[in-house]
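# Examining the three-dimensional arrangement
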Amino acid sequence: MKRMMVILAASLAMTTFTGSAFAAGQGEASIAISKQDQQKMVNIAHRGASGHAPENTMEAFQKGFEMKSDYIEIDVQMTKDGELVVIHDTTVNRTTDGTGKVGDLTLQEIKQLDAGSWFSKDFAGESVPTFEEVLDAFRGKVGILIELKSPELYPGMEAEIADALIERNMSKPNNNKIIIQSFNHESMKKSKELLPNLSHGVLTGGSWANVTEEQLAQFSTYADYFNPTMSIVTDELVNDVHEAGMEIFPYTSRSQEQALRLFALNVDGIITDFPEHVYYHPVKNK
């Protein structure tokens, strides 16, 4: 994946983003980009365009696609009866009108829940999609960044994910349109063994602020991406990740200022609730 070289004005390079020019949702800020190195920053719609529609719903994914994101990011878990569903939390409490653990409910029970009203009455009746519904609706249209959520709770989850992708002929390299990631790094090792031709990523939180070059080298034996919380991203970390042969997609940008800071740090992609904050510069054929 190609990388963008971003040259910011001095005030931006100091990562001090102030004033109305950088308010969320407003027009392009003053970014000078080398014409020779102009590339496309990878734009990942976090749980879909979740700043505009209820997260992890078909509406959010469709919105992310319409906003020309390069990828939609989805969270996958398993129901009591072994079906793969797309939901972030290990309970349905926050994002639906139901209660209980995802793993204690059947697919039929989860499908009866309203997953949209909590966000806005305009999305009343929106349901929790299955993994296969998302694959069938968006394969070939947009990249899909698949997060295995708490796979330690769902034995065999990696194989179920692999089977669904293989069945749809989505297990072969195809312009890097499928990436699998998780905070559970052992799960990623298993997934890589099952799907050796697909890209994988390791997610990390704040405790990895001091990740060593040796640890990054170990990750690179099975992962293509090191995707940390954006709060720990520095020039040094980005350089170390690149030196290890991986790319870096920090999460989760929710403001224009945050997106601009990540641009300045020369990351490879930005995971965001608001795809419009990630400026899109298509590469011109020479």
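Our subject is the structure listed above.
Parameters at a glance
- Residues numbered from 1 in each chain as written.
- Predicted model: local features only at pLDDT ≥ 70, side-chain atom pairs only at ≥ 80, totals over all residues.
- Heavy atoms only, no water.
- 1 Å grid on protein atoms, 1.4 Å probe; cavity = no way out; pocket = protein on both sides within 12 Å on 5 of 7 lines; lining within 4 Å.
- Points joined across faces, edges and corners; volume = space filled by probe spheres on them.
- Nonpolar A, V, L, I, M, F, W, Y, C, P; charged D, E, K, R; others polar.
- Buried < 20%, exposed > 50% of the residue type's maximum accessible area, 1.4 Å probe, protein only.
- Helix = DSSP H or I, 4+ residues; strand = E, 2+ residues; numbered from the N terminus.
- Arc of directions from axis to C-beta.
- Contact = heavy atoms within 4.5 Å.
- Axes fitted to C-alpha atoms, helices over the stretch in contact; angles between N-to-C directions.
- Parallel < 35°, antiparallel > 145°, perpendicular 65-115°, else oblique.
- Left-handed = near helix turned anticlockwise from the far one by under 90°.
- Pairing = 2+ DSSP bridges.
- Patch = residues over 30% accessible without salt bridge, like charges linked within 9 Å, V, L, I, M, F, W, Y side chains within 5 Å.
- Areas by Shrake-Rupley, 256 points an atom, 1.4 Å probe, with all protein chains shown as cover.
- Salt bridge = Lys/Arg side-chain N within 4 Å of Asp/Glu carboxyl O.
- Lys, Arg positive; Asp, Glu negative; His and termini not counted.
- Charge placed at Lys NZ, Arg CZ, Asp CG, Glu CD.

## Considerations on empty space enclosed by the protein
Considering all chains together, one arrives at 1 cavity of 30 Å³ or more under this definition. The wall of the largest cavity is formed by E55, N56, T57, V86, I87, H88, T95, A115, W118, S127, V128 and P129. Of the residues in the lining of the largest cavity, the class split is 6 nonpolar, 5 polar and 1 charged.

## Here's the deal with helix α4 (residues 131-138)
Here α4 has its buried residues at F131, V134, L135 and F138. For α4, the angular spread of the buried residues around the axis is 100°, confining them to a single face. Next to the buried residues of α4 lie α2 (58-66), β4 (71-78), β5 (84-86), β6 (143-148) and α5 (157-167).

## Description of the packing of α2 against α4
The interhelical angle for the contact between α2 and α4, taken along N-to-C directions, is 25°, at an axis separation of 11 Å. Taken together, α2 and α4 sit at an angle that is classed as roughly parallel. The two elements α2 and α4 cross, and the hand of that crossing is right-handed. Here M58, F61, Q62 and F65 of α2 come into contact with α4, specifically with E133, V134, A137 and F138. The class makeup of the residues in the contact of α2 with α4 is 6 nonpolar, 1 polar and 1 charged.

## Thoughts on the pairing of β6
Most of β6 is tucked away: 6 of the 6 residues are buried. Here β6 shows no split at all, with G143, L145 and E147 on one side and I144, I146 and L148 on the other all buried. Where β4 lies against β6, 6 bridges are found, and the strand directions are parallel. The partner of I74 across the bridge, within β6, is I146. By the bridge criterion, 4 bridges tie β6 to strand β7 (residues 178-182) in an arrangement that is parallel.

## Things to note about a negative patch on the surface
Residues D81, E83, E109, E160 and D163 make up a contiguous surface patch of negative charge. Within the element layout of this structure, E83 appears in the loop between β4 and β5.

Read these as layout, nothing more, since geometry by itself doesn't imply function.
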